[in-house]
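Residue-level listing of the chains:
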Amino acid sequence: MIRVVSIQFNTAGKLYDFDAGTLELNERDRVVVETERGLGVGTVVGTPVERPASELSQALAKVKRIIGADDEMTLAHHSRREQEAYQFCLQRIQERNMEMKLVRVEQMFDGSKAIFYFTADGRVDFRELVKDLAHTFHTRIEMRQIGVRDEAKMVGGLGICGRELCCATFLRDFQPVSVKMAKEQNLALNPTKISGQCGRLLCCLDYEYETYCDLRKTLPRCGKKACAGGQDGVVEKVNLLTGEMVLKLDDGKHVSCHVNDLESSPSAAGSSVSNRVSDQGGSQRRDKSPAPPTPETTTTNPVAGSQSTEQEGASSEERQKRRRRPRNNRNRKQGKPSSDTPTQE
């Protein structure tokens, strides 16, 4: 059995599994781990769980140690270098008029590499910029382009609801969001109201989308006919959460009612009765339809067979004579002798 612990390197970041070994780890402990990019500092999300080695797809890296006083001093030193690198890189970008936006600088815990996160509309030639950074900080430089959503996740901020951004607090993965979700929830399709800090559609539109879809199945849609209190009308507005709706009557008046107050309209009942009658009539017609003929077994008689062949031969001769008659008539009209009548010499 292997003691597996989940660790995140950033707030609301992806979770990675590591081998806790014999270390006693608790939630929110900061530890030093070995990663593909080098040593890193992460935060424990949950207590270690024992799992069999057969369930693991690959060997897990081990947790080195829980950070101590020396590690805290190293982190503070890296934080100062990150700020210096950010200011220096931003100055070089402005001097070269490069079409890119610097978002964040991350220094690896062992100081082996510095990662510069930036956003840009297209590809950027930053070879000269990398040379300046490597010459100044004497470390490996990696330029990583990210999207606007990842930028909002790193920077953080407050949303239009007044709370901290979901992606910067608890949302680990970005789910696809479409305008259909806003339409289904009867929201105003105003870009300033349904867009977040990143300029994309709000991630929270996906939270209650399935609930609205389930509620809409139990309520009539706008434009459908409904009956409430013995009055027929057309549904104009529907509140999916409270079940309240507004009906427009035939005389132009508006009536508010609840979904529990709806009744079956006479027209709908009449249509259902007519449908049932038509269905019954159709079933009766189907019952009265003649049955397909059943195959009968016939016995052949040699005498009858000979008679039928003689009749067939006679009928064929008669058909041939009928074909010749129009030809003979046509010859008589033109004054030509026919082949059937004898000619006088």
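Residues numbered from 1 in each chain as written. Predicted model: local features only at pLDDT ≥ 70, side-chain atom pairs only at ≥ 80, totals over all residues. Heavy atoms only, no water.

Help me out: how do you make sense of the overall build of the protein in this one?
Of the regular secondary structure elements, the protein holds eight helices and 14 strands. Here the protein displays about 24300 Å² of accessible surface, and carbon together with sulfur accounts for 48% of that area. (Helix = DSSP H or I, 4+ residues; strand = E, 2+ residues; numbered from the N terminus. Areas by Shrake-Rupley, 256 points an atom, 1.4 Å probe, with all protein chains shown as cover.)

Looking at this structure, how should I read empty space enclosed by the protein?
Where empty space is left becomes clear once a probe the size of a water molecule has been rolled over the atoms. Applying the stated criterion across every chain yields a total of one cavity of 30 Å³ or more. One number sums up the size of the largest cavity: a volume of about 40 Å³. Of all the elements in the fold, those that place two or more residues in the lining of the largest cavity are α1 (69-96) and β8 (113-119). (1 Å grid on protein atoms, 1.4 Å probe; cavity = no way out; pocket = protein on both sides within 12 Å on 5 of 7 lines; lining within 4 Å. Points joined across faces, edges and corners; volume = space filled by probe spheres on them.)

Explain the pairing of strand β9 (residues 140-145) here, please?
Within a regular beta strand, the side chains point alternately toward one face of the sheet and then the other, so they alternate between its two faces. Judged from the six bridges that link them, β8 and β9 form a sheet pairing that is parallel. Bridging across to β9, Phe118 finds its partner in Gln145. The parallel pair β8 and β9, bridged by helix α2 (residues 127-137), forms a crossover whose chirality is right-handed. (Pairing = 2+ DSSP bridges. Right-handed = clockwise from strand over helix to strand, strands pointing away.)

Any chance you could explain the sheet that holds strand β7 (residues 101-107) here in plain terms?
In sheet architecture, strand pairing relies on hydrogen bonds along the backbone and comes in two forms, parallel and antiparallel. Read across the open sheet, the three strands follow the order β7-β8-β9; overall the sheet is mixed. Whereas interior strands pair on both sides, the edge strands pair on one side only; in this sheet they are β7 and β9. With direction set aside, neighbouring strand axes in the sheet form an average angle of 20°. Each of β7 and β8 touches helix α3 (residues 148-155); the most contacted strand, β7, lies at about 55° to it. (Axes fitted to C-alpha atoms, helices over the stretch in contact; angles between N-to-C directions. Contact = heavy atoms within 4.5 Å.)

Please clarify how the nonpolar core should be interpreted in this entry.
Generally speaking, nonpolar side chains in soluble globular proteins are found buried as a group. By size, the foremost hydrophobic cluster in this structure holds 17 residues, and its most contacted members are Cys89, Ile93, Met100, Phe116, Leu129, Leu133 and Met143. Broken down by secondary-structure element, the contributors of at least two residues to this core are α1, β7, β8, α2 and β9. If you tally residues by element for this core, the top one is α1, at four residues. Setting aside residues up to four positions removed in sequence, Met143 forms contacts with Met100, Phe116, Phe118, Phe126, Leu129, Val130 and Leu133. Core analysis: the second largest hydrophobic core is formed by ten residues, Leu219, Ala226, Met245 and Leu247 among them. (Core = buried A, V, L, I, M, F, W, Y, C linked by side-chain atoms within 4.5 Å. Buried < 20%, exposed > 50% of the residue type's maximum accessible area, 1.4 Å probe, protein only.)

Help me understand the pattern of salt bridges, please; the structure alone is not making it clear to me.
Any two side chains of opposite charge can pair, on the condition that their charged atoms come close. Counted under the stated rule, the structure contains twelve salt bridges. The partner of Arg92 in a salt bridge is Glu95, with the nearest N and O atoms 3.4 Å apart. You can see Arg92 and its partner Glu95 sitting in helix α1, three residues apart, about one turn around the helix. Members of the salt-bridge network, linked through shared partners, are Arg92, Glu95, Arg96 and Asp132. (Salt bridge = Lys/Arg side-chain N within 4 Å of Asp/Glu carboxyl O.)

Is there a simple way to think about α1 in this case?
In a regular helix each residue adds 1.5 Å, so 28 residues correspond to 40 Å; α1 covers 41 Å between its end C-alpha atoms and thus fits that length. Buried within α1 we find Asp71, His78, Ala85, Phe88, Cys89 and Ile93. Buried residues along α1 sit in contact with β3 (30-35), β6 (63-66), β7, β8 and α2. Residue Asn97 follows α1 closely and has a positive phi angle near 55°. (Expected span 1.5 Å × (residues − 1).)

Interpretation note: all reported values are geometric properties and have no functional meaning in isolation.
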